[in-house]
Amino acid sequence: MNNLIDILELSTEEIDKLIEVAQDIMAHPDNYYEKCKNKKLATLFFEPSTRTRLSFETAMLDLGGKVIGFSDSNSSSASKGESVADTVRVVGCYADIIAMRHPKEGAPLVASMHAGIPVINAGDGGHNHPTQTLADLLTIKNEKGRLNNLTVGFCGDLKFGRTVHSLINAMSRYEGIKFVLISPDELKLPSYVKNETLREKGIPFEETKDLAAAMPQLDILYMTRVQKERFFNEEDYIRLKDSYILNPEKLVNAREDLTIMHPLPRVNEISVAVDDDPRAAYFKQVKNGKFIRMALIMKLLGIE
Amino acid sequence: MNIDGITNGLVIDHIEAGKGMELYNALHLGDLKCSVALIKNVNSHKMGKKDIIKVDEVIDLDLNVLGFIDPNITVNTIKNNERIGKSHIELPKEVKNIIKCRNPRCITSTEQELPHIFKLTDEQKRTYRCLYCETKYSQN
């Protein structure tokens, strides 16, 4: 069965192929508008996530398919105590493919063992969110023309940010990648990611607290939100929060071809004054997310 | 201290000193009707001190449990007072329902009927991770 639960289940060749298809969809959308005619996508969202759900649903609609599903667990039989396995067995009788968001880690894997149809992990707690990573990779490919030989800066909450861990894992498989990890001590990248991914593969990285100082060497700056609830006391939060807000002043020493990314939603970590900067790519990421999900749905349904 | 030899049965040897009771419980040896001896802190040339378990009957052992607790354990099978087999244990690639995932965010925390499955992800460091949430198993 074809599923996508973890980004590392896809080889770099498979990712290249998905990116190629997504780029072709972007260039020739009319060639794809009936590709999934008579197919149904079930979006099973056990916790609300408007953007990801709309992205999946639009992807399926743009392929000519139909969409069923629910957008929070209160409107599903999970609220009556039904197991994930039983829910997807039932949905497997109606739909051709499932996109699942669940607050519990590993729930989409359980679903993939029982559904009888392909399952896409649309986010399981703080664990995996592989289609966000695919959207990030497509954005990097579109903006830079390559996925290798890049210096990638991650800034903000590198401790809890699953999008960061996932993108580091995915990009660690390409040649010539260097990471610059910019965060306060409280939110540094967990040591298991450094040990099991970066050190094990001999990938160069540096850690710093200073965003402005790290800026000149970056090809990509991936911003994340520093959340108040991650700090032990408000004093530390107030002291640190402004250091990790991107504004035009901090971009003074940045490269002209820098690409600024963010998984969204943004609160205040990127000033709106940056939005008109041609280097800002975070809204393109949203658009790319739909195209790469279209490519993924086709792949998992075996549609050329 | 003397413990009688066994005519037909198993000798689980080279158990790290102090782990004998854990193994006894994990293998459910307390449920057996036959004689079972757990000998602690036996002098050993190789290990300094070790634990040994003797079971007075040839039973099927869950080698995955043994391997997970300590892959250096050996199991000797005795028949008619003679050792007829010696098994060296390997670290199992997967263990099912031996340990539980303690991550409160894991799907196994709310769905009680799911089997608790752990995969060996680093043989040298003997790292096991939950199949579902990938949380590393730690003894503490």
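Below is a short write-up of the structure.

Each value, and the rule that gives it
Residues numbered from 1 in each chain as written. Chains lettered and ligands numbered in written order. Predicted model: local features only at pLDDT ≥ 70, side-chain atom pairs only at ≥ 80, totals over all residues. Heavy atoms only, no water. Helix = DSSP H or I, 4+ residues; strand = E, 2+ residues; numbered from the N terminus. Buried < 20%, exposed > 50% of the residue type's maximum accessible area, 1.4 Å probe, protein only. Contact = heavy atoms within 4.5 Å. Rg over C-alpha atoms; globule rule 2.2 N^0.38 Å. Areas by Shrake-Rupley, 256 points an atom, 1.4 Å probe, with all protein chains shown as cover. Lys, Arg positive; Asp, Glu negative; His and termini not counted. Charge placed at Lys NZ, Arg CZ, Asp CG, Glu CD. Pairing = 2+ DSSP bridges. Axes fitted to C-alpha atoms, helices over the stretch in contact; angles between N-to-C directions. Parallel < 35°, antiparallel > 145°, perpendicular 65-115°, else oblique. Left-handed = near helix turned anticlockwise from the far one by under 90°. Nonpolar A, V, L, I, M, F, W, Y, C, P; charged D, E, K, R; others polar. Patch = residues over 30% accessible without salt bridge, like charges linked within 9 Å, V, L, I, M, F, W, Y side chains within 5 Å. Salt bridge = Lys/Arg side-chain N within 4 Å of Asp/Glu carboxyl O.

## Focus: the overall build of chain B
At step 1: Helix and strand counts for chain B come out as two helices and eight strands.
At step 2: Tracing chain B from N to C terminus, the helices and strands come up as β-α-β-β-α-β-β-β-β-β.
At step 3: Dimensions of chain B along its principal axes, counting C-alpha atoms only, are 50 × 30 × 25 Å.
At step 4: Residues counted as buried form 44% of the 140 residues belonging to chain B.
At step 5: In chain B, the proportion of contacts linking residues at least 24 apart, taken out of those at least 6 apart, comes to 56%.

## With respect to the overall build of chain A
At step 1: Helices and strands together make up the secondary structure of chain A, namely 10 helices and nine strands.
At step 2: Its C-alpha atoms give chain A a radius of gyration of 19 Å, within 12% of the compact-globule value 19 Å for 304 residues.
At step 3: The principal-axis extent of the C-alpha atoms belonging to chain A is close to 55 × 45 × 40 Å.
At step 4: Counting over 304 residues, chain A shows a buried share of 56%.
At step 5: Partitioning the intrachain contacts of chain A with sequence separation of at least 6 by distance along the chain shows that 73% fall at a separation of at least 24.
At step 6: Put simply, chain A shows about 13,000 Å² of open surface, and 47% of that area lies on carbon and sulfur atoms.
At step 7: Of the charged side chains in chain A, 38 are positive and 43 negative, and the gap between their average positions amounts to 2 Å.

## Thoughts on the sheet that holds strand 3 (residues 97-102) of chain A
Hydrogen bonds along the backbone pair up the strands of a sheet, which may run parallel or antiparallel.
Residue and element names in this part refer to chain A.
At step 1: Here we have four strands laid out as an open sheet, ordered 2-1-3-4, and parallel in their pairing. Of all the strands in the sheet, just strand 2 (66-70) and strand 4 (119-124) have a single pairing partner and so form its edges. The average angle at which neighbouring strand axes cross in this sheet is 15°, direction not considered.
At step 2: In terms of strand pairing, strand 1 (residues 40-45) meets strand 2 through five bridges, oriented parallel. Paired with A42 across the bridge in strand 2 is I68.
At step 3: In this fold helix 4 (residues 107-114) packs onto strand 3 and strand 4, with an angle of close to 165° to the strand it touches most, strand 4.

## A closer look at the pairing of strand 8 (residues 127-130) of chain B
Taken residue by residue, a regular strand's side chains alternate between the two faces of the sheet.
Residues and elements named next belong to chain B.
At step 1: Of the two faces of strand 8, the one lined by T127 and R129 and the one lined by Y128 and C130 are each fully buried.
At step 2: Summarising the sheet, strand 7 (residues 117-122) and strand 8 pair through four bridges and their orientation is antiparallel. Bridging across to strand 8, L120 finds its partner in Y128.
At step 3: Following strand 7, the chain reverses through four residues before pairing antiparallel with strand 8; R126 in that reversal takes a positive phi of roughly 50°.

## Here we look at the packing of helix 1 (residues 12-27) of chain A against helix 5 (residues 130-144) of chain A
Residues and elements named next belong to chain A.
At step 1: Remark: helix 1 packs on helix 5, axes separated minimally by 10 Å, with the N-to-C direction vectors making an angle of 70°. Relative to helix 5, the element helix 1 is oriented roughly perpendicular. Every pair of crossing elements has a handedness; the one defined by helix 1 and helix 5 is right-handed. Contacts between helix 1 and helix 5 involve I15, L18, I19, A22, Q23 and M26 on the former and, on the latter, L134, L137, L138, K141 and N142.
At step 2: Here the residues of the contact of helix 1 with helix 5 sort into eight nonpolar, two polar and one charged.

## A word on the environment of D56 of chain B
Residue and element names in this part refer to chain B.
At step 1: Here D56 lies in the loop between strand 3 (48-55) and helix 2 (63-69).
At step 2: D56 gets classed as partly exposed once you look at its relative accessible area, which sits at 34%.
At step 3: Distance in space between the C-alpha atoms of D56 and T77 is 10 Å, their sequence separation being 21 residues.
At step 4: D56 has contacts with I6, T7, N8, G9, C34 and S35, leaving out every residue within four places of it along the chain.

## Focus: a nonpolar patch on the surface
At step 1: Together, I68, V90 and Y94 of chain A give the surface a local cluster of nonpolar side chains, amounting to about 270 Å² of exposed area.
At step 2: With a relative accessible area of 31%, I68 of chain A lands in the partly exposed category.

The values are spatial; any link to function lies outside them.
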